[in-house]
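Each chain, written out:
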Amino acid sequence: MNVEQVYKDANALLDGHFLLASGNHSRRYLQSAKVLEYPKKAALLTDALAKMIRDSDIEIDTVCAPALGGVLAGYELARSLDVRSIFVEKKEGGMELRRGFEVSKGEKIIICEDIITTGGSALKAAKAIEALGGEVVAFASLANRGFCKRVDGNDAAKPECALPTDVPLFALDDFTFEMYAPEECPMCKEGQSEAVKPGSRS
Ligand code: ZN
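Residues numbered from 1 in each chain as written. Predicted model: local features only at pLDDT ≥ 70, side-chain atom pairs only at ≥ 80, totals over all residues. Heavy atoms only, no water.

Caption draft 1: A look at the nonpolar core. By size, the foremost hydrophobic cluster in this structure holds 31 residues, and its most contacted members are Tyr 7, Ile 53, Leu 77 and Leu 142. Every element with two or more residues in this core is listed here: α1 (3–9), α2 (39–55), α3 (71–81), β6 (108–116), β7 (135–144) and β8 (169–174). If we ignore the near neighbours within four places in the chain, the residues touching Leu 142 are Tyr 7, Val 35, Leu 36, Leu 45, Thr 46, Leu 49, Ala 73, Glu 113, Asp 114, Ala 171, Leu 172 and Asp 173. Leu 97, Val 103, Leu 163 and Val 167 belong to the second-largest nonpolar core, a separate cluster that totals 21 residues. (Core = buried A, V, L, I, M, F, W, Y, C linked by side-chain atoms within 4.5 Å. Buried < 20%, exposed > 50% of the residue type's maximum accessible area, 1.4 Å probe, protein only. Helix = DSSP H or I, 4+ residues; strand = E, 2+ residues; numbered from the N terminus. Contact = heavy atoms within 4.5 Å.)

Shown next as structure tokens:
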């Protein structure tokens, strides 16, 4: 599967002049929710991800996603793996399990995101699960922004990666874009455009 092409076809991989949450500028942006618009296409992605996880022989009881971003990917991955799907939600300083969801002691859980940037939300989800006695055996995401090292990926983890190095991260592909500080941004220097904030609010 050509994952980058799947993202392009879904208009999930944008070209332009973007202002990232970090304050840096970039020519490309991954609007990862777009690739999950069509459930049957989403299932093809999570089937491929599930195959990578199965091939590793890691036993999984449950998929847990950090809401909101990870919920659809997590649910589809749970379907592909034929296991239970739960999600955690933001609270001050971390994440927590609500809505009657439960985790049993020693339950083997994979934390699933749609996209891993530095892995901050995934790590908060993992901490919430571990506080309840669950065992986080792996992380998964459709796309990896290249800060963290994924299983079978070529790039080493960067210092920004928040995920523990002793727990594997499964992802379909690396999407490593160049980022520029605003004062060094070549597109700003050209003066033809202003950086726009894509993100979850537009
Ligand atoms: Zn710029």
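Caption draft 2: Broad picture of α2. Between its first and last C-alpha atoms α2 spans 24 Å; for 17 residues at 1.5 Å apiece the expected length is 24 Å, and the two agree. Of the positions making up α2, those classed as buried are Ala 42, Ala 43, Leu 45, Thr 46, Leu 49, Ala 50 and Ile 53. Around the axis of α2, the buried residues are gathered within 160 degrees of arc, so they sit on the same side. Exposed residues lying more than 90 degrees from the buried face of α2 are Lys 40, Leu 44, Lys 51 and Asp 55. For α2, the elements touching its buried residues are α1, α3, β6, β7 and β8. Asp 57 lies just past α2 and shows a positive phi near 65 degrees. (Expected span 1.5 Å × (residues − 1). Arc of directions from axis to C-beta.)

Caption draft 3: Representation of the side chain of Ser 32. Within the element layout of this structure, Ser 32 appears in the loop between β2 (25–30) and α2. Of the residues examined, Ser 32 reaches a relative accessible area of 8% and is grouped as buried. Excluding its chain neighbours within four sequence positions, the residues that come into contact with Ser 32 are Asp 114 and Ile 115.

Caption draft 4: Examining the pairing of β7 more closely. Counted residue by residue, β7 has 9 buried out of 10 residues, so it is predominantly covered. Here β6 pairs with β7 via 8 bridges, running parallel. When the bridges of β7 are listed, Lys 108 appears paired with Glu 135. With helix α4 (residues 120–131) bridging β6 and its parallel neighbour β7, the resulting β-α-β unit is right-handed. Both β7 and β8 contribute to a ladder of 5 bridges, which runs parallel. Bridging across to β8, Asn 144 finds its partner in Asp 174. (Pairing = 2+ DSSP bridges. Right-handed = clockwise from strand over helix to strand, strands pointing away.)

Caption draft 5: Looking closely at the sheet that holds β8. Strand order in the open sheet formed by 6 strands is β5-β4-β3-β6-β7-β8, and the pairing between neighbours is mixed. The open sheet has two edge strands, β5 (94–97) and β8, and neither has a second partner. Across the sheet, the mean angle separating the axes of adjacent strands is 25 degrees when strand polarity is ignored. Contacts between α4 and the sheet are confined to β3 (62–66), β4 (84–91), β5, β6 and β7, with β6 contributing the most and set at about 160 degrees to the helix. (Axes fitted to C-alpha atoms, helices over the stretch in contact; angles between N-to-C directions.)

Caption draft 6: Representation of the packing of aromatic side chains in the model. Using the criterion set out here, one finds 3 aromatic pairs in the structure. Ring centres of Tyr 7 and Phe 175 lie 5.0 Å apart, and the angle between their planes is 50 degrees; this geometry places the pair in the tilted category. Remark: Phe 175 occurs in the loop between β8 and β9 (179–180) and Tyr 7 occurs in helix α1; sequence separation between them is 168 residues. On the accessibility criterion, Tyr 7 (0% relative accessible area) is buried. For Phe 175, a relative accessible area of 2% gives the class buried. (Phe/Tyr/Trp six-rings, centres within 6.5 Å; stacked < 30°, edge-to-face > 60°.)

Purely geometric numbers; function is a separate question.
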